[in-house]
Amino acid sequence: MVTKLITLSAIAEVRAQVCAWKKSALRVALVPTMGNLHDGHLSLVQLARTHADKVVASVFVNPTQFGPNEDFASYPRTLATDQVLLESGGCDLLFAPSAEEMYKAKPSLNIDVGPIGTILCGAVRPGHFNGVATVVAKLLNIVQPDVAVFGEKDFQQLMVIRQLVQQLDFPVEIIAAPTVREPNGLARSSRNQYLTSDERQLASVIYATLLQMRDSIRAGKAIKDVETSASQALLKAGLKPDYAVVRNAQDLEIVEKNVKSEVALIAARLGKARLIDNLSWLC
Ligand code: PAF
């Protein structure tokens, strides 16, 4: 039986609905999204279902996490299709606020995530992770879920959110959902739709390069050499890498001795898209 999806845009209404569920001792999960949903998002909803009785998804294209020359205006907004997908995916409540509802007066307060917000994607997109942390904090305060699910594809974002929740004592469990991939290995992303069909094929080099990076490290190659070869492979395929690096998977620091796990991370531009992906492994 398909659950009837409730769609709400007012914070007070969402709070009242979640409060009613909690009074009935139901566990609530939150899946924050920016909409334009695909299989990757639906896998987050499915995972959320296994941890809670009720699943809330939010669709909000958050202006504060986009830089002045980024794709905020053109980011695909497909609420009607998102509603259909969420309903068939077993979501109970869609919170789809306006920017005015989320940022009533021009806010004077912003969360500063510190050093992690200034490396890798944060170096290329200054202020991006502060915007993410601020909107996620607001969503957690509005919905007050027992668990919240985020995709591993956004590895750095997941780490920022884990730090946010731990350091500001949000009473929520953060659950990481595995990356969903196209048959050629390309990670599912709303931004893939900026790619032409030829570019979609070319973009498979990202995952192939991540696998190559992992295998080379495991074979004992030096990290610097692995990173240089990865950038060369991306450039050769016609992509422009922002970075192709191997880091400590616990904190994204440069790898020192005796790390528990490592992660290879790539961000690269292709046509109109900026694509990110990662692959982690135990050492
Ligand atoms: O990953 C995203 O879609 C966004 O960064 C998030 C977590 C929904 C915050 O706007």
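The structure this text deals with has already been given above.
Residues numbered from 1 in each chain as written. Predicted model: local features only at pLDDT ≥ 70, side-chain atom pairs only at ≥ 80, totals over all residues. Heavy atoms only, no water.

1. A closer look at the overall build of the protein
- Across its full length, the protein holds 10 helices and 9 strands.
- For 283 residues, the compact-globule formula gives about 19 Å, and the C-alpha radius of gyration of the protein, at 19 Å, lands near that figure.
- Along the first, second and third principal axes, the C-alpha set of the protein runs to 55 × 40 × 40 Å.
- Here the contacts in the protein between residues at least 6 apart in sequence split such that 71% fall between residues at least 24 apart.
- Working note: accessible area of the protein is about 13800 Å², and carbon and sulfur atoms make up 53% of it.
- Charge centroids of the protein, computed over 30 positive and 28 negative side chains, lie 1 Å from each other. (Helix = DSSP H or I, 4+ residues; strand = E, 2+ residues; numbered from the N terminus. Rg over C-alpha atoms; globule rule 2.2 N^0.38 Å. Contact = heavy atoms within 4.5 Å. Areas by Shrake-Rupley, 256 points an atom, 1.4 Å probe, with all protein chains shown as cover. Lys, Arg positive; Asp, Glu negative; His and termini not counted. Charge placed at Lys NZ, Arg CZ, Asp CG, Glu CD.)

2. Observations concerning the sheet that holds strand β7 (residues 240–248)
- Spatially, β7-β8-β9 is the arrangement adopted by the 3 strands of the open sheet, whose pairing is antiparallel. At either end of the open sheet lies a strand with only one pairing partner, and these are β7 and β9 (273–282). If you compare each strand with its neighbour and ignore which way they point, the axes differ by 10° on average.
- As defined by bridge partners, β7 adjoins strand β8 (residues 261–270) across 8 bridges and the pair is classed as antiparallel. Pairing of Y243 across the sheet is with A267, part of β8.
- Against the sheet, helix α9 (residues 205–218) touches β7, β8 and β9, its axis set at about 30° to β9. (Pairing = 2+ DSSP bridges. Axes fitted to C-alpha atoms, helices over the stretch in contact; angles between N-to-C directions.)

3. Here's the deal with the site of the ligand
- Taken together, P32, T33, M34, N62, Q65, V135, F150 and Q157 form the complete shell of residues around the ligand.
- One nitrogen or oxygen atom from the side chain of Q65 is found 2.6 Å from an oxygen atom belonging to the ligand.
- Contacts to the ligand include Q157, whose side-chain N or O atom sits 2.7 Å from an oxygen atom.
- Within the complex, the protein chains bury 88% of what would otherwise be the 290 Å² of accessible surface of the ligand. (Near = heavy atom within 4 Å. Polar contact = N/O pair within 3.5 Å; in protein donor to acceptor, adjacent residues only side chain to side chain.)

4. Quick look at unusual backbone geometry
- The residue A25 is not glycine, and still its phi comes out positive at about 60°.
- Along the chain, A25 falls in the loop between α1 (11–23) and β2 (28–33).
- What makes A25 exposed here is its relative accessible area of 67%.
- The phi angle at L252 is positive, at roughly 65°, despite the residue not being glycine. (Buried < 20%, exposed > 50% of the residue type's maximum accessible area, 1.4 Å probe, protein only.)

5. Considerations on the packing of α9 against helix α10 (residues 223–236)
- It is at 10 Å that the axes of α9 and α10 come closest, and there the two elements cross at 160°. With respect to α10, the element α9 is oriented roughly antiparallel. Judged by the sense of rotation from one axis to the other, the crossing of α9 with α10 is right-handed. Side by side, α9 and α10 meet where V205, I206, T209, M213, S216 and I217 of the first sit next to I223, V226, A230, A233 and L234 of the second.
- When the residues that make up the contact of α9 with α10 are grouped by side-chain class, the tally is 9 nonpolar, 2 polar and no charged. (Parallel < 35°, antiparallel > 145°, perpendicular 65-115°, else oblique. Left-handed = near helix turned anticlockwise from the far one by under 90°. Nonpolar A, V, L, I, M, F, W, Y, C, P; charged D, E, K, R; others polar.)

6. Description of the side chain of E262
- Structurally, E262 can be placed in strand β8.
- Among buried Asp, Glu, Lys and Arg side chains, E262 stands out as unpaired, with R218 the closest opposite charge at 7.6 Å. (Salt bridge = Lys/Arg side-chain N within 4 Å of Asp/Glu carboxyl O.)

7. Considerations on the packing of aromatic side chains
- Under the counting rule described, the total for this entry stands at 3 aromatic pairs.
- Between the aromatic rings of F60 and Y103, the centroid separation amounts to 6.1 Å while the plane-to-plane angle is 45°, which identifies the pairing as tilted. One end of the pair, F60, is in the loop between β3 (54–59) and α3 (79–88); the other, Y103, is in the loop between α4 (99–102) and α5 (121–124), and 43 residues separate them in sequence. Both residues of the pair, F60 and Y103, count as buried.
- If you follow R77 out to its NZ or CZ, it ends over the ring of F72, 4.8 Å from the centre.
- Here R181 stacks its cationic end above the ring of Y207, 3.7 Å away from the centre of that ring. (Phe/Tyr/Trp six-rings, centres within 6.5 Å; stacked < 30°, edge-to-face > 60°. Lys NZ or Arg CZ within 6 Å of the ring centre and 35° of its normal.)

8. Observations concerning the sheet that holds strand β4 (residues 93–95)
- Pairing is parallel in the open sheet, where 6 strands are placed in the order β1-β4-β3-β2-β5-β6. The open sheet has two edge strands with one neighbour each: β1 (6–8) and β6 (173–177). Between one strand axis and the next, the sheet turns through 25° on average, direction left out of account.

9. Here's the deal with the pattern of salt bridges
- If you walk through the whole model with that rule in mind, you get 14 salt bridges.
- D92 is the salt-bridge partner of K54, the closest N and O atoms lying 4.0 Å from each other. Separated by 38 residues along the polypeptide, K54 in strand β3 and D92 in the loop between α3 and β4 bring together distant segments of the chain.
- Using a relative accessible area of 22% as the deciding quantity, one classes K54 as partly exposed.
- The partner of D215 in a salt bridge is R214, with the nearest N and O atoms 3.2 Å apart.
- Salt bridges here are not isolated pairs; linked through shared partners, they connect D39, E182, R188 and R200.

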